[in-house]
There are 2 protein chains.
Amino acid sequence: MASITIKDIAKMCGVGVTTVSRAINNHPDISEETKAMIMQVIKDNHYVPNNSARNLKRSVSKTIAVLIKGITNPFFNPMIQVFEREIQRKKYSFILQRVDEKQDEIEVAIELEKEKRLKGIVFLGGYFSHSKEKLDQLTVPFVLSTIGMTEEFDPNDYSSVSVDDVKESYKIVDYLCNEGHRKIAIITAPMDDVSIGKLRYEGYKKALKQHGIEYNERLVRPMREDIDSYSMENGYEVTKELLQSGEEFTAIYAVSDSLAIGACKAIFEAGLSVPEDYSVVGFDGLDISFYYNPSITTIKQPTEEIAQETIKILFDLIDKKITHAHKTFPGELVIRNSTKRLN
Amino acid sequence: MASITIKDIAKMCGVGVTTVSRAINNHPDISEETKAMIMQVIKDNHYVPNNSARNLKRSVSKTIAVLIKGITNPFFNPMIQVFEREIQRKKYSFILQRVDEKQDEIEVAIELEKEKRLKGIVFLGGYFSHSKEKLDQLTVPFVLSTIGMTEEFDPNDYSSVSVDDVKESYKIVDYLCNEGHRKIAIITAPMDDVSIGKLRYEGYKKALKQHGIEYNERLVRPMREDIDSYSMENGYEVTKELLQSGEEFTAIYAVSDSLAIGACKAIFEAGLSVPEDYSVVGFDGLDISFYYNPSITTIKQPTEEIAQETIKILFDLIDKKITHAHKTFPGELVIRNSTKRLN
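Residues numbered from 1 in each chain as written. Chains lettered and ligands numbered in written order. Predicted model: local features only at pLDDT ≥ 70, side-chain atom pairs only at ≥ 80, totals over all residues. Heavy atoms only, no water.

**Overview of the sheet that holds strand β8 (residues 251-254) of chain A**
Residues and elements named next belong to chain A. Here we have four strands laid out as an open sheet, ordered β7-β6-β8-β9, and parallel in their pairing. At either margin of the open sheet sits one strand with a lone partner, and together these are β7 (220-222) and β9 (279-281). Between one strand axis and the next, the sheet turns through 15° on average, direction left out of account. The sheet strands contacting helix α10 (residues 232-244) are β6 (184-188), β7 and β8, and the helix crosses β6 at an angle near 145°. (Pairing = 2+ DSSP bridges. Helix = DSSP H or I, 4+ residues; strand = E, 2+ residues; numbered from the N terminus. Axes fitted to C-alpha atoms, helices over the stretch in contact; angles between N-to-C directions. Contact = heavy atoms within 4.5 Å.)

**Focus on the packing of helix α5 (residues 77-89) of chain A against helix α13 (residues 303-318) of chain A**
All names here are of chain A. For the pair α5 and α13, the least separation of the axes is 9 Å and the interaxial angle reads 35°. As α5 runs across α13, the sense of the crossing is right-handed. Between α5, through P78, M79, V82, F83, R85, E86 and I87, and α13, the contact on the second element is made entirely by T303, E304, I306, A307, Q308, T310 and I311. A breakdown of the residues in the contact of α5 with α13 according to their chemical character gives eight nonpolar, three polar and three charged. (Left-handed = near helix turned anticlockwise from the far one by under 90°. Nonpolar A, V, L, I, M, F, W, Y, C, P; charged D, E, K, R; others polar.)

**Some points on the state of the cysteines**
Following the criterion strictly, the structure yields zero disulfides over all chains and no others. Free cysteine: C177 of chain B, not disulfide-bonded; nearest cysteine sulfur from C264 of chain B at 19 Å. You can call C177 of chain B buried: its relative accessible area is 10%. The closest cysteine sulfur to the non-disulfide-bonded C264 of chain B is located on C264 of chain A, 15 Å from its own sulfur. (Disulfide = S-S within 2.5 Å. Buried < 20%, exposed > 50% of the residue type's maximum accessible area, 1.4 Å probe, protein only.)

**A look at the sheet that holds strand β8 (residues 251-254) of chain B**
Two orientations exist for strands paired in a sheet by backbone hydrogen bonds: parallel and antiparallel. Residue and element names in this part refer to chain B. If you trace the four strands from one edge of the open sheet to the other, you get β7-β6-β8-β9, paired in parallel fashion. On the outer flanks of this sheet lie β7 (220-222) and β9 (279-281), each paired with one strand and no other. Between one strand axis and the next, the sheet turns by 15° as a mean value, whatever way the strands run. The sheet contact formed by β8 and β9 spans three bridges and is parallel.

**Remarks on unusual backbone geometry**
Residues apart from glycine generally show negative phi values, whereas peptide bonds are mostly found in trans. Residues and elements named next belong to chain B. The step from V274 to P275 runs through a cis peptide bond, and the omega angle for that step is 5°. Tracing the backbone shows P275 in the loop between α11 (257-269) and β9. Each neighbour pair has its own omega, and for N293 with P294 the value is 0°, a cis peptide bond. Checked against the element boundaries, P294 lands in the loop between α12 (287-291) and β10 (298-300). You will see that Y230, though not glycine, has its phi angle at about 60°, which is positive.

**Focus: the packing of aromatic side chains**
Evaluated as defined, the whole model comprises 17 aromatic pairs over all chains. Consider the rings of F290 of chain A and Y236 of chain B, whose centres lie 5.8 Å apart with planes at 85°: the pair is edge-to-face. With F290 of chain A in helix α12 (residues 287-291) and Y236 of chain B in helix α10 (residues 232-245), the pair connects residues from two separate chains. Ring plane angle 80° and centroid distance 4.9 Å describe the contact between Y92 of chain B and F315 of chain B, whose orientation is recorded as edge-to-face. With a gap of 223 residues between them, Y92 of chain B in the loop between α5 (77-89) and β2 (93-99) and F315 of chain B in helix α13 (residues 303-318) connect regions that are remote in the sequence. Relative accessible area serves as the criterion here: at 11%, Y92 of chain B is assigned to the buried category. (Phe/Tyr/Trp six-rings, centres within 6.5 Å; stacked < 30°, edge-to-face > 60°.)

**Concerning the side chain of D257 of chain B**
Residue and element names in this part refer to chain B. As for its position among the elements, D257 is in helix α11. For the buried D257, no salt bridge exists, and the shortest N-O distance to an oppositely charged side chain is 6.1 Å, to R336. Within the structure, the side chain of D257 is placed 2.6 Å from the side chain of T298, a separation counted as a polar contact. The residues contacting D257, other than those within four sequence positions of it, are G282, F283, D284, G285, L286, S289 and T298. (Lys, Arg positive; Asp, Glu negative; His and termini not counted. Salt bridge = Lys/Arg side-chain N within 4 Å of Asp/Glu carboxyl O. Polar contact = N/O pair within 3.5 Å; in protein donor to acceptor, adjacent residues only side chain to side chain.)

**A closer look at the nonpolar core**
Residues F83, Y204 and Y253 of chain A together with F83, Y204 and Y253 of chain B are the most contacted members of the largest nonpolar core, which totals 152 residues. For Y204 of chain A, the residues in contact, after removing those within four places along its chain, are S169, V173, I184, A185, I186, L219, V220 and Y253 of chain A. (Core = buried A, V, L, I, M, F, W, Y, C linked by side-chain atoms within 4.5 Å.)

**Digging into the pairing of β6 of chain A**
Residues and elements named next belong to chain A. The buried fraction of β6 is high, at five of five residues. By the alternation rule, side chains of β6 split into I184, I186 and T188 and A185 and I187, which are all buried. By the bridge criterion, four bridges tie β6 to β8 in an arrangement that is parallel. In the sheet register, A185 faces β8, and the bridge partner there is I252.

**Regarding the confidence of the model for chain A**
The predicted model of chain A averages 88 in pLDDT, with 92% of residues at 70 or higher. Confidence drops under a pLDDT of 50 for residues 51-60 of chain A, and excluding neighbours within four residues, the segment shows 18 contacts in the predicted structure. (pLDDT = per-residue confidence, 0-100.)

**Considering the pairing of strand β6 (residues 184-188) of chain B**
Where β6 of chain B lies against β7 of chain B, three bridges are found, and the strand directions are parallel. Across the sheet, T188 of chain B pairs through a bridge with P222 of chain B, a residue of β7 of chain B.

**Considering α5 of chain B**
Here α5 of chain B is 13 residues long and its end C-alpha atoms lie 19 Å apart, about the 18 Å a rise of 1.5 Å per residue gives. For α5 of chain B, the complete set of buried residues consists of N77, M79, I80, V82, F83, E84, E86 and I87 of chain B. Looking at the buried residues of α5 of chain B, the elements they touch are β2 (93-99) of chain A together with β1 (63-69), β2, β3 (120-124), β4 (142-145) and α13 of chain B. (Expected span 1.5 Å × (residues − 1).)

Okay, structure coming up:
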């Protein structure tokens, strides 16, 4: 079908081409009323602006990529929504790139940088154990969002936004201890992993120590490496093994809500119940932690605020207002029905 | 840092530049062993191939976009994984574009076509009520995946892959009827919506009719439009209203598993239980339908097969092997613990 031009639209609206252009580009020098009228005519006539300068600007030089490690984690969903909205509001285009658990996200980022001429990168979730040399290969600004970093990294070399995983983890294990639990199993990351799972494990050890509880390594259960990490299935399989081991415990701390749900399922299948036989706590504050039966006691992360701050820092880096920044948000201990007080 | 070139890599490996190029491009004329050795050296040295022809080819002309309608639906997660793998296997690059519920996906697609010079498009989920004129504006091949289409569309105008939503929906309501339920509420799409929700509602009506059950419109509960559609929250709020209405019923058919979980939560909060007081069934076969307590009776969609077939048809269209295709997969009725037989 014949293409409609910007001139056709201007004619139909009874305005000049410049006014149509202003409406399309959200220019301040146009009334909301005129803009709404023009946008309606554009919509009714299926007109798609194809000013080449505009396309060039949007497609070639103004793209932000968000790289997500691990695909099955619903924790990222509300964050992606915020990223998308904020990036588009800045008139940048937005690429969502999922990184396989076995892939190297820096390699993926370097490849994307060349192909899409990125202006900035958000790394979301997952392990992050790259060398400084590796990070230095990135030529555009980047922010690590909800990624736990170990102390060996120089904070001057990167920017980050997250909760304090050690502190929040301490908070929920401290809660279990105060409820009288002393035999607390943990489902966490494998020991060779420096991700958030490791940091949450540090918080667990710290809380036990604070309460004078002896550390029992048979209650420390790493996720299985042949199953999606932090997933319901992983929590389910690990808890089945834990129950079969005959090791005594009264509570399970799973370092993600999805793991906690899998743990509950394994307990139900063994003919036992939560919290009567075992208390179970998670981490993250996913919607499902509220809807599950019983609802899951957890640490709620402020995902929207984290996502918004991530984008704010990224644009501050792009605009050279700052050289790096680190922001830590507090989590919230949400006490629900999956835990009980021991007498 | 100084860039490593393909010549450096060839030298380190003791092979020619052509061999390195073959390894990078997955050329068949190179042994797996040599390829593995070269890729290791490339990885160890952080070499990123930047042959401009290759970049041009990948970034400018060989991109497939997957447009997803609605962000919170975990149903799409396993499908995205397959799309990504299959598209990369074909040496195309992959753009994931989320479309807001209020956005027009065809407009988004047309815009993307111009900006990214797409080779093909997958539309995933959501409503699809565009005119033929609208579809004709798309200049590249596309496939509608897990999108219910009404009969007014000419099947020669598009390609599609999905389950038969009417038939599968009939199957699960028929199951409830055979278990003795005659007062079956449904949580479904608003009546002005022609999406899969509408088709599943058709299957519901058909099953009631088949079993000689009178249709009661007070048991037909549309999702709320101010909450994410097909979400747990929507099922929760709609079920709270249903319970408060005082209308009698023995079972709820929620047209997605997420809605079903929300329905269960509302029942628990009213101090009642599933399935003792109310049977609840869903649709989709999400992982959580197995892990929920009680596990949810549902129709399991073969998401991996649907995703694979979608990509197969898309590439057949791109390669001009076919002009259109429609493939329907059977769903599976999975009977779990959220339903009971009435006496």
